[in-house]
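The primary structure of each chain is shown beneath.
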Amino acid sequence: MVPADHFQSFTHISSPLRIDLDKLPSRFPGSLSACLSRRPSMSSIPRPQSPLIRATPSSSAFSSLEEDIIAPRADLRTRLVRSASSASLRDMSPASSIISERVEPVYAPESARKHMRNPKFVVDYSHPTPTRPPPPEPQVPANLAGILPPPGFVPPPPPEVHPRDLPPSVRPQILACSATGILFFTRANRLHFKNLAANEEVGQVCKLQENYGSFTAVATSADILAVGTSKGFIAIYDVQTKKRLMSWTTKPVSALTFGNNGVLTVGYVSGMIIHFDTKITPVDKMKEQVLAVTRHQSPITRMEWNAMGEMLATGDRKGNVYCWKAGEKVPLDIGEFVMRRKKVKHSGAISAVSWCPWQPKNLITADIKGVVHFWSVDPKNKDSNAMTPSRFDTGTSITGLHWSSQCKEILTTHGYKLPESLTPPPPPPPSASAGPLAAPCPTPPVPNVENTLAVWQFPSLRSVTKMKMNTTDVPIGNSVVYSKGQKLVFGVPEQGKIHACEVWGKKKPEVKLRRHSSLDYVGCIR
């Protein structure tokens, strides 16, 4: 017969196992989350603090082995999985793009954000408006005396129109600066100069006769100066001595620029372009060997050769831009596709063209409506020559455009903001058949740059800095860079003054590390 105590113990073992965690002894510390693992028991190793495992010498040894070997390995795996999953989630989340946009941009040590200073007054070239005598009173016939206003009647003045409400126009380029820092500018019918590097008074180069018209273009090269007038008079002067070297008369001139080896390129009101080699003397022999090209159908407004002197960019009043290779009479086949033909076209008159100094094939064109286009002039490229981004709308009339030779930045000078009636429409969206890659690259929001000097990063087109005249709100006129591209001199026509300011810092030369040979360390071997 089985004893009663044995039967009770057997009944206790065969009954379902129940564990009350709140009544566990003190030798089992921890809570439910700390004691029981959530991982399946077949894939996890039981912990020594579990209430189902009693501490024995063998189990304690095994637990120490688990802590030394298995736990670090599992912990490393967990950390790797967490880091990979979190990184992938950050990349896929839309907030990542917002965070990247809020990151402070990095500026070069030569950036205008660190070096641009307030402009300094250079010279006052304003002239008083001449007073004209009143016109004589017309003789009125007797039969018209009854229908005409009585004698002494003064008609009311026409309503004044603010310059902001007038359509913008291209100003003639009558400001130039030589490589040595000598500034040339016009005042009425006189041509003046001033040395920006020395504290000298303003001097006079020449006085234009009335039968030659008015100054319409001024350009300089290394050692010579060229001027053109509205009646076709062209004169060449020596920059240092200010003496006239040669002169001749042609058709009305609208633009001038110098190429390599003393070649003077003249743009005319008729749209013709003629290249004169100023090294050929006398003038009659030089005029016999000119190269004339015709493609523009309106007055030439801006022209510029690239840094290598291989390509010329010309713009006209109708918004057309052509690029020419040196010595050729046919323009290059570049631009965006318009009716299956490549074309560089603006909706307004071209007010600035500028070649990149550190990438000779990059060209920027701008118009009076504030639109800037970026081009990669490569006729061998069968696709569009528009860069990415290809279009940048400032909403304000552009009067000047300059690349920086010290860092990847662009400077624009502006006039009044465009009236709403002249604001160009946004570019049309790409067709659905073009695919997602044809969508234009989004540009950052454009700040108000009316009557300012604005600097932009390239190619992000993020605003770097801008500067406005301290006392008045007037448009900026002609501008030109000097001092190896670090400084800018610009005119303010409404005030009749010229200012200069520092924009970029000097680029530091790259330091090349000298590679040491292994033989230099032979003496160190013992």
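Residues numbered from 1 in each chain as written. Predicted model: local features only at pLDDT ≥ 70, side-chain atom pairs only at ≥ 80, totals over all residues. Heavy atoms only, no water.

(A) Examining the overall build of the chain more closely. Regarding its fold elements, the chain presents six helices and 29 strands. Considering the chain as a whole, with its 526 residues, one finds that 38% of them fall into the buried category. If you take every contact in the chain between residues at least 6 apart in sequence, the share linking residues at least 24 apart comes to 50%. As displayed, the chain offers around 33100 Å² of accessible surface, 57% of which is attributable to carbon and sulfur atoms. (Helix = DSSP H or I, 4+ residues; strand = E, 2+ residues; numbered from the N terminus. Buried < 20%, exposed > 50% of the residue type's maximum accessible area, 1.4 Å probe, protein only. Contact = heavy atoms within 4.5 Å. Areas by Shrake-Rupley, 256 points an atom, 1.4 Å probe, with all protein chains shown as cover.)

(B) Here's a closer look at the UniProt feature "repeat: WD" (unreviewed entry) in the chain. UniProt records the feature "repeat: WD" (unreviewed entry) for residues 293-325 in the present numbering. Helix and strand shares over residues 293-325 are 0% and 61% respectively, and the end C-alpha atoms of the span are 12 Å apart. (UniProt positions renumbered as here; feature names shortened; annotations may be inferred.)

(C) Representation of the sheet that holds strand S21 (residues 371-376) within the structure. One open sheet holds the four strands; their spatial order is S19-S20-S21-S22, and the pairing between them is antiparallel. Each edge of the open sheet is held by one strand with a lone partner, namely strand S19 (350-355) and strand S22 (386-393). Averaged over all adjacent pairs, the angle separating strand axes in this sheet is 15 degrees, with direction ignored. Pairing of S21 with S22 involves four bridges; the strand directions are antiparallel. Pairing of histidine 373 across the sheet is with arginine 391, part of S22. (Pairing = 2+ DSSP bridges. Axes fitted to C-alpha atoms, helices over the stretch in contact; angles between N-to-C directions.)

(D) Highlighting the pattern of salt bridges. Throughout the structure, instances matching the rule amount to four salt bridges. The salt bridge partner of arginine 164 is aspartate 473, with a shortest N-O separation of 3.0 Å. Here arginine 164, found in the loop between strand S1 (120-124) and strand S2 (175-177), pairs with aspartate 473, found in the loop between strand S26 (463-468) and strand S27 (479-482); they are 309 residues apart in sequence, far enough to count as distant. On the basis of relative accessible area, arginine 164 is assigned to the partly exposed category, the value being 28%. Of the charged contacts, one joins lysine 468 and aspartate 473 as a salt bridge, the two residues approaching to 4.0 Å between their closest N and O atoms. Judged by relative accessible area, which is 38%, lysine 468 ranks as partly exposed. What you see here is one network of salt bridges that share partners, running through Arg164, Glu450, Lys468 and Asp473. (Salt bridge = Lys/Arg side-chain N within 4 Å of Asp/Glu carboxyl O.)

(E) Representation of the pairing of strand S6 (residues 215-220). With six of six residues buried, S6 lies mostly within the body of the structure. Across five bridges, S6 lies against strand S7 (residues 224-229) in antiparallel orientation. Bridging across to S7, alanine 219 finds its partner in alanine 226. Taking the residues between adjacent antiparallel strands as the criterion, S6 and S7 are bridged by three residues.

(F) Fine view of the nonpolar core. If you look at the biggest cluster of nonpolar residues, it comprises 19 residues, and the most contacted ones within it are Trp248, Leu256, Leu264, Val266 and Phe276. Of all the elements in the fold, those that place two or more residues in this core are S6, S7, strand S8 (233-238), strand S9 (244-249), strand S10 (253-258), strand S11 (263-268), strand S12 (272-277) and helix H6 (283-288). Residues contacting leucine 256, with those up to four places away along its chain left out, are Ala217, Val218, Ala219, Ala226, Val227, Gly228, Leu264, Thr265, Val266 and Met303. Met116, Leu488, Val492 and Trp504 belong to the second-largest nonpolar core, a separate cluster that totals 18 residues. (Core = buried A, V, L, I, M, F, W, Y, C linked by side-chain atoms within 4.5 Å.)

(G) Up close: the sheet that holds strand S24 (residues 409-417). Taken in spatial order, the four strands line up as S23-S24-S25-S26 in an open sheet, and their pairing is antiparallel. Since the sheet does not close on itself, it has two edges, and those belong to strand S23 (396-403) and S26, each with one partner. Averaged over neighbouring strand pairs, the angle between their axes works out to 20 degrees when direction is ignored. Alignment of S23 against S24, held across six bridges, turns out to be antiparallel. Bridging from a neighbouring strand, threonine 396 pairs with lysine 417 of S24.

(H) View of unusual backbone geometry. For the bond from threonine 388 to proline 389, the omega torsion is 0 degrees, close enough to zero to count as cis. Its place among the elements puts proline 389 in strand S22. Here the phi dihedral of serine 483 falls at roughly 55 degrees; this positive angle occurs in a residue that is not glycine. For serine 483, a relative accessible area of 30% corresponds to the partly exposed category.

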